[in-house]
Amino acid sequence: IADGVILIDADGRIEQVNKVSARLLGRNGGDLKGLPCAEVLGVSEKLMQGINSCLHQNHPVLLSDPLSLPVIPSCTVRVSIGPVMGRHGKSRGAVLVLSDITPLVVAENRLKHQATHDPLTGLPNRTLIQDRLQQLLAAMQRRPHGVAVLFLDLDRFKPINDGAGHQVGDNVLRTISQRLRNACRVEDTVGRWGGDEFVILLTGDEALDNCQQVARKLIDEIGQTINLDGSSYHLGASIGIAL
């Protein structure tokens, strides 16, 4: 069958695995025999609960959440567990069925990323910026802290885009996006609002005090010469700040 199958004894140790399971785990099937199932599949509280429930209550269990196997490259599976009955109606172990849903998870993550990120620069788009801003404002109700919104508009971009062409314009926007990322902290949100407009969300106890300093740093970074295909381009930026 296309699914991985693992047979375990009443102590949770592996008795048999099929070829699909060995492939999913990146291991030799013979090397897995006798090992604790939880150790091989990765320590998961829900997996342990499912195995114990199946072994002690003799009924099948379908884990509600997918399980990420401890392998590289990553692999995500759906796990169902069924009892293996011995004599006198007592459970002598369980069988785990692993259904590989990695392609589905990758596709879903790609769709989520496309819906919330700008395709040109990879930065959060307007939708994600607004969502994160709402989260920051909601968090302020629980713990007072500063939130600064920097709205940045590039100066002298239109002549470059019209004169040198859209491909050069796109490369300039990618370069500017990387500079904005480098100039901000990991916890700050740097997003593209659209066109040549960007938004930076700053939060934390020092956000209100440091926002002007950050704005000046961003303007300095953007003002550095951009060299592309033997040509040099010079931009500036205007930044508005809301606290």
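**Q** Summarise the overall build of the protein chain; cite the residues concerned and give the values.
**A** What the protein chain contains, in helices and strands, is nine helices and 12 strands. Relative to the compact-globule value of 18 Å for 243 residues, the protein chain shows a C-alpha radius of gyration of 27 Å, a clear excess of over 25%. Overall, the protein chain is about 80 × 45 × 25 Å in size when its C-alpha atoms are taken along their principal axes. A total of 243 residues make up the protein chain; the buried ones form 41% of that total. Taking the contacts inside the protein chain whose residues are at least 6 apart along the sequence as the reference set, 55% of them involve residues at least 24 apart. About 13900 Å² of surface is accessible on the protein chain, with carbon and sulfur atoms providing 51% of the total. Each charge class in the protein chain was averaged separately, 25 positive and 26 negative side chains, and the resulting centres sit 7 Å apart.

**Q** How would you sum up the pattern of salt bridges? Please name residues and give values.
**A** Under the definition given, this model contains six salt bridges. In this structure, Asp162 and Lys158 form a salt bridge, with 2.7 Å as the shortest nitrogen-oxygen distance. Of this pair, Asp162 and Lys158 both sit in helix H7 (residues 157–164), four residues apart, which is roughly one turn of the helix. Judged by its relative accessible area of 58%, Lys158 falls in the exposed class.

**Q** Give a detailed account of the packing of H7 against helix H8 (residues 166–183), specifying residues and quantitative values.
**A** Where H7 meets H8, the axes come as close as 6 Å, and the angle between the chain directions of the two elements is 140°. Our classification of the angle between H7 and H8 gives oblique. Contacts between H7 and H8 involve Phe157, Ile160, Asn161 and Ala164 on the former and, on the latter, His166, Val168, Gly169, Val172 and Leu173. Across the contact of H7 with H8, the residue classes break down as six nonpolar, three polar and no charged.

**Q** Give me the sheet that holds strand S7 (residues 146–155): which residues, what numbers.
**A** Spatial strand order, S8-S9-S7-S12: four strands in an open sheet with antiparallel pairing. Two strands in the sheet have a free side with no partner beyond their single neighbour: strand S8 (189–194) and strand S12 (236–242). Taking the axes of each pair of neighbouring strands and ignoring which way they run, one obtains an average angle of 25° across the sheet. Strand direction decides the pairing type here: S8 and strand S9 (residues 197–204), joined by five bridges, are antiparallel. Residue pairing for S9: Arg192 is matched across the bridge by Phe198.

Each value, and the rule that gives it
- Residues numbered from 1 in each chain as written.
- Predicted model: local features only at pLDDT ≥ 70, side-chain atom pairs only at ≥ 80, totals over all residues.
- Heavy atoms only, no water.
- Helix = DSSP H or I, 4+ residues; strand = E, 2+ residues; numbered from the N terminus.
- Rg over C-alpha atoms; globule rule 2.2 N^0.38 Å.
- Buried < 20%, exposed > 50% of the residue type's maximum accessible area, 1.4 Å probe, protein only.
- Contact = heavy atoms within 4.5 Å.
- Areas by Shrake-Rupley, 256 points an atom, 1.4 Å probe, with all protein chains shown as cover.
- Lys, Arg positive; Asp, Glu negative; His and termini not counted.
- Charge placed at Lys NZ, Arg CZ, Asp CG, Glu CD.
- Salt bridge = Lys/Arg side-chain N within 4 Å of Asp/Glu carboxyl O.
- Axes fitted to C-alpha atoms, helices over the stretch in contact; angles between N-to-C directions.
- Parallel < 35°, antiparallel > 145°, perpendicular 65-115°, else oblique.
- Nonpolar A, V, L, I, M, F, W, Y, C, P; charged D, E, K, R; others polar.
- Pairing = 2+ DSSP bridges.

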